[in-house]
Amino acid sequence: MGDSGWRVHVDPTRCIGAGICASYAPGHFVLVDGGLSRPVAERIDPADAVLDAAESCPMEAIVVSDAADGSRVAPEP
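Can you help me understand empty space enclosed by the protein in this one?
Gaps between atoms show up when a probe of the same size as a water molecule is rolled over them. In this structure the tally under the stated criterion is one cavity of 30 Å³ or more. Surrounding the largest cavity, 13 residues form its lining, Cys 15, Ala 18, Gly 19, Cys 21 and Cys 57 being those nearest its centre. Residue composition of the lining of the largest cavity, by class: 10 nonpolar, three polar and no charged.

What's the story with the sheet that holds strand 5 (residues 62–66) in this structure? I'm lost.
With antiparallel pairing, the four strands of this open sheet are ordered in space as 4-1-5-6. The open sheet is flanked by strand 4 (43–44) and strand 6 (72–74), the only strands paired with a single partner.

Mind showing me how you'd approach unusual backbone geometry here?
Glycine aside, negative phi is the norm for most residues, and most peptide bonds take the trans geometry. Here the amide bond leading from Ala 74 into Pro 75 is cis, since omega sits at -10°, within 30 degrees of zero. Within the element layout of this structure, Pro 75 appears in the segment after strand 6.

How should the nonpolar core be read in this particular structure?
Side chains of a nonpolar character, in soluble globular proteins, are inclined to be buried together. With 17 residues, the main nonpolar core has Val 8, Val 10, Phe 29, Val 50, Ala 53, Ile 62 and Val 64 as its most contacted residues. For this core, the secondary-structure elements that each account for two or more residues are strand 1 (6–10), helix 2 (48–56) and strand 5. In this view, Phe 29 contacts Val 8, Val 10, Cys 21, Ala 22, Ser 37, Arg 38, Pro 39, Val 40, Val 50, Ala 53 and Ile 62; residues no more than four positions away in its chain are not counted.

What is the right way to look at the environment of Ala 22 in this model?
As for its placement among the helices and strands, Ala 22 is situated in helix 1 (residues 20–24). In this structure, the C-alpha to C-alpha distance between Ala 22 and Arg 38, residues 16 residues apart in sequence, is 9.1 Å. The contact partners of Ala 22, leaving out residues within four places of it in the chain, are Phe 29 and Leu 31.

Rules of the game
- Residues numbered from 1 in each chain as written.
- Predicted model: local features only at pLDDT ≥ 70, side-chain atom pairs only at ≥ 80, totals over all residues.
- Heavy atoms only, no water.
- 1 Å grid on protein atoms, 1.4 Å probe; cavity = no way out; pocket = protein on both sides within 12 Å on 5 of 7 lines; lining within 4 Å.
- Points joined across faces, edges and corners; volume = space filled by probe spheres on them.
- Nonpolar A, V, L, I, M, F, W, Y, C, P; charged D, E, K, R; others polar.
- Pairing = 2+ DSSP bridges.
- Helix = DSSP H or I, 4+ residues; strand = E, 2+ residues; numbered from the N terminus.
- Core = buried A, V, L, I, M, F, W, Y, C linked by side-chain atoms within 4.5 Å.
- Buried < 20%, exposed > 50% of the residue type's maximum accessible area, 1.4 Å probe, protein only.
- Contact = heavy atoms within 4.5 Å.

See below:
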């Protein structure tokens, strides 16, 4: 993948385990450690489902950024 694609991060201090991310993008998020979310992979190919998950997170715990330059893709600032 090189520097193309996205980086996905879930802030464990913000995550409340709502599970919306795992519902919207089950191939990209899993619930662990008592229900907290974790990305399946830190670097991914762009996927609309991941954007939907980041935008729907009630705590804005998911941050999606461009792997090449680090600019934020979601949630929108």
